[in-house]
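Breakdown of the fold
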Amino acid sequence: MSDLADLTVSEAASSIRRGEATSLEITNAVIARAGVTESHLHAYLTFDQDAARAAAQAADAALAAGDDGGLFHGIPIALKDNMTTRGTETTAGSKILSGYVPPYNATVVRRLQDRHAVILGKTNLDEFAMGSSTENSAYGPTRNPWDTDRVPGGSSGGSAAAVAVGSALAALGSDTGGSIRQPASLCGIVGVKPTYGLVSRYGLIAFASSLDQIGPFARTVGDTAALLEVIVGHDIHDATSYRGDVPPISTALETGVAGMRIGVVKELSGEGIDDEVAAACRAMYEKLAAAGAEVTEVSLPASETALSAYYLIAPAEASANLARFDGVRYGLRVDGDTTEEMMARTRAEGFGPEVARRILLGTYALSAGYYDAFYGQAQKVRTLVRRDFAAAYEKVDVLVSPTSPTTAFPIGERTADPLSMYYADVCTIASNLAGDPSGSIPIALDSAALPIGFQIMAPALHEEQLFRVAAEVERLAEFRQRPELATSEVRPA
Amino acid sequence: MSGWEAVIGIETHVELQTESKMFCGCPVRFGAEPNTTVCPVCLGLPGALPVPNEEAIERILRIGAAFECTLVEGSLFHRKNYFYPDLPKNYQITQYDLPFCIDGHLDIEADGEEVRVGITRVHMEEDTGKSIHGSETGRIHDAEYSLLDFNRSGVPLVEIVSEPDIRTPEQARAYAAELQRVVRSLGVSDARLEEGSVRFDANISVRRAGDDFGTRAEVKNMNSLRSLQRAIAYEIDRQIALIESGSEVVQETRHWDEGSGKTSSMRSKEESEDYRYFQEPDLVPLHVDQTWRDRVFAGLPELPAVRRHRIAATGVDRQAAAVMVEAGDLADLFDEAVSLGSEARTVGNWLSGDVVAYLRRNETTLADTHLQAEHLQELAVMVGEGALSSTAAKDVLARVLAGEGSPRAIAEQHDLLQISDTGALEAEVEAVLADNPDVLAKLQSGDLKPIGFLVGQVMRATGGKADPKVVSELIRNKATAG
Amino acid sequence: MPVDIDIAKVARLARLALSPEKLAEYDSQLQDILEHAERVGALPTEGVPPTSHPLPMTNAFRPDEVKASLDRDEVLEQAPERAGEYFRVPRILGES
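1. Topic: the overall build of chain B
The helix and strand inventory of chain B stands at 15 helices and 16 strands. Computed over C-alpha atoms, the radius of gyration of chain B comes to 30 Å, more than 25% over the 23 Å expected from 2.2 N^0.38 for 482 residues, which places it beyond the range of a compact globule. Dimensions of chain B along its principal axes, counting C-alpha atoms only, are 100 × 55 × 50 Å. The buried share of chain B, taken over its 482 residues, is 53%. For chain B, the proportion of contacts with a sequence separation of at least 24, taken over those separated by at least 6, is 70%. With an accessible surface of roughly 20500 Å², chain B has 47% of that area assigned to carbon and sulfur atoms. Placing the 49 positive and 79 negative side-chain charges of chain B at their respective mean positions leaves the two points 3 Å apart.

Following this line, the structure appears as structure tokens:
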């Protein structure tokens, strides 16, 4: 490949250090790629070429002066627009935050800047990360690079689409119920949700605090692990941040799966899973077995109720997290005679329908008389889900399943039916409830040439095992295809 | 109000004067320029997260321990959801069913009676910002708009909830005053009503003796202990009159107006509040283990009640002891002076009388004067030796307070020392007796009345510096010897 | 089983000024979602403690140290309405 925008992160890092390319050249190539793809995809909400070029030049200068920030030094990456960036508009895909310029940086942003990564801009998402298609953005949907009539998944659809076409070499997303893994799956790239608490949430605009977790997207397992290594670690600004030593992450990428015990989740292999998706996953189970893993079927009985529990817990937390958007201190205000009226109008006008729906749902689930039956009960089911996982991990090292029950679905297909949209998260949600790490790796294209993702789940703080299996899946799948949009023949629409 | 009994419970909010706020690093500072002690956390900016201040938790545990509460091993923070423009997140981080401290008590004395008031719970929360209402009266009802200052947002706030064990306005006042003393003695807050670092709300109901509890009203906005007492007295009368006239008490929040001396109903809410409490997911549970709890109890200072008793037991007048303990720093100085060997009663009287009067007259604080325990000790020794009259001692004390130097230096400089050396006074006595032979004769005949006259003559001859006790003794000796 | 929802009250609690048509639409959607969500009641959970937090952690504190506050102008620049050193809002109905 001659285009620098098609390099993996590790290839780009090597090129920079060998003097074959500068950060500025790579950044310019990625900016040029975005110039071609953005009109088709709308992956970005904010794309700051000038700032990116300036950061690239600074990165080149730093490297020349002997200050090497590591693998991501000078690498152009994208941030989901629910991570606050000082001086750069941050909207979370919502009208209510239109024009909001944060006065501070999220911890992950600081960590990336400390390593001289080049931040290209902010990517599109379902409003406040609520959705599975990126159609809920107040600024219009992002399209799937493999078929622009289809959704890229969500809520981190912008980040996934950008990485898939090379308008970023890697990106960060956030995952509350599958919002990294499902778009990674639908866009044919790698995406990982780390263990809850491993990456600081400070500066991540909260959706559901006990479930939200920031994680990496890249085109290879190795790049994804490397990006995770940049952003992990305790943060004094996040009381839920893990205080122990950072667990090993990329240490077993070459180890292979011989002798590993891999559990196929029984409840996620049959009913409700698209045939082609199920078949592709089955083929991968067989390859893993052939590679020396001990593959068995494992049951997670409570996982079927996990979706219901999730759609009570996440909206309940969201109903409080989103209360701060009230037209007083920042963002949109719709006038009213009284403050009460101003707040209620601002919120009704500023939130899109899915967000309003979840706020209402969460408010109801927490309200007097219903708490025990809904929120309280959901928290107990969460305990059962965790127990299921604990029991499963007595028997196996990792669990595997499809990432998404289907490949990318057409834009508009599910917007009228919230429940059918919620079902898109059926495979991914349990890991969030448990707080465990989980990732999606592309393994094949279906008959419509849409990517199929393979999900690997591991016990909390066992990212090393997750990436060990992921690297083997990557080798076994030999998934090399790229969407047509990533080739330079495509011209601006 | 014969046949009637009031039932009163008090909710107290105490702002802790930690260095930084409850959940962020902004300073806790009274009187800062508006909106200058704010950050993403206390402004509720998107993405900001709270992290609890360990010192604030240490302090609430100290408060709970001072009330002999059970310090709860496993407690939690919750979110209390309600919309209000001075509450940036539109939820308050507070505690719900698992507060830090439960089941304590505070003993008070009112109208000569000792009463034990139960403390239901002591919990931690964050303060709100302040709204300034744009109207001439400053009352919200008349305002066209409001201005918001978030400096106070996130200041650590401790809520202390009493049992409804209080029966009279006097007891309520005594409870509030004693609570302030306890909090101050712990060094966690200055608990000043005027600055809002302590706030008292009263829940009041009335019943005929022996009946069940009546419907209660909550009264807010009392800005002094006196207004707390007045507001409660007013509300009790109002409720009794209401019931006696055949009406009913409405459960509501009422606003005390200091000017009119009345309570009035605040705008009633359309529906009962539904705060939708749930565990704060941005924070992890708290675990206060036995070692921590033991350390808190062991580290408590001597509490005001105990201190008052101890000081009174040294011979100091009870009222004087109370005055010193109330001020705290006076009692500290007292203890220090006594530990140096000073006579307790003398020092106690100076501190509770002369020093308090001086501070009030000069509108200053003890810390801003130059008075030290060593000064009190020196002064007490001089009085004990007779080197200083008690009147002169007060003069010297005032000069010490004003920073003129040590007592002895001041006494010497201003020529205030008494002559109590018998050798030095003998000649003066002889001379006065020689000048007044007829008076001496009277004395010698057993009539001791004129002795005062002779002492006066000696005092005049010495320019007032003679120790009158010594002079009197000398004259008596001369008369009987002769 | 139909779920009992006072949607107007829920909207008031959530401070959302919604039209009657919108309220009716959300009401019916919430019915559907909650009927599905009621499945959480089908699992035996007697004696099962709730999970609020995925990692078993306690006592995450920070030391009592002052950190830099934000610049007032940078903060107030984001305000929809500002009056000098303050944020400004229309008159407030309830007294908290």
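2. Remarks on the domain arrangement of chain B
Its domain assignment divides chain B into domain 1 (4-294), domain 2 (304-413) and domain 3 (422-481). The C-alpha-based centres of domain 1 of chain B and domain 3 of chain B are spaced at 68 Å.

3. Focus on the interface of chain B and chain C
Chain B puts 60 residues into the contact, and the matching count from chain C is 35 residues. Buried area between chain B and chain C, summed over both chains or domains, comes out near 4200 Å², and the portion from carbon and sulfur atoms is 59%. In this structure, the connection of chain B to chain C is made through one salt bridge. Two residues, Glu33(B) and Arg72(C), come together in a salt bridge whose shortest N-O distance is 3.9 Å. Among the elements of the structure, helix H1 (54-66), strand E8 (130-133), strand E9 (145-149) and strand E16 (286-287) of chain B are those that each provide at least two residues to the side of chain B that touches chain C. Considering each element in turn, the side of chain B that touches chain C owes the most residues, five residues, to E9(B). Of the residues contributing to the side of chain B that touches chain C, the split by class is 31 nonpolar, 14 polar and 15 charged. Here E9(B) runs beside strand E2 (residues 86-90) of chain C; their pairing, made up of four bridges, is antiparallel. Within E2(C), the residue paired with Tyr145(B) across the bridge is Pro90(C).

4. Looking at the interface of chain A and chain C
Listed by partner, the interface residues are 66 residues for chain A and 56 residues for chain C. Each partner contributes to the roughly 5300 Å² buried at the junction of chain A and chain C, and carbon and sulfur atoms together form 66% of this total. When the buried area of chain A at its contact with chain C is split by residue, Glu340(A), Leu360(A) and Tyr364(A) rank highest and sum to 12% of it. Put simply, chain A and chain C have two salt bridges between them. One salt bridge in this structure joins Arg86(A) and Glu74(C), with 2.8 Å as the shortest N-O distance. Of all the elements, helix H12 (residues 372-395) of chain A adds the most residues to the side of chain A that touches chain C, at 12 residues. Split by residue class, the side of chain A that touches chain C holds 34 nonpolar, 19 polar and 13 charged.

What counts and what doesn't
Residues numbered from 1 in each chain as written. Chains lettered and ligands numbered in written order. Predicted model: local features only at pLDDT ≥ 70, side-chain atom pairs only at ≥ 80, totals over all residues. Heavy atoms only, no water. Helix = DSSP H or I, 4+ residues; strand = E, 2+ residues; numbered from the N terminus. Rg over C-alpha atoms; globule rule 2.2 N^0.38 Å. Buried < 20%, exposed > 50% of the residue type's maximum accessible area, 1.4 Å probe, protein only. Contact = heavy atoms within 4.5 Å. Areas by Shrake-Rupley, 256 points an atom, 1.4 Å probe, with all protein chains shown as cover. Lys, Arg positive; Asp, Glu negative; His and termini not counted. Charge placed at Lys NZ, Arg CZ, Asp CG, Glu CD. Domains from an automatic or database assignment. Buried area = accessible area lost by both parts, 1.4 Å probe. Salt bridge = Lys/Arg side-chain N within 4 Å of Asp/Glu carboxyl O. Nonpolar A, V, L, I, M, F, W, Y, C, P; charged D, E, K, R; others polar. Pairing = 2+ DSSP bridges.

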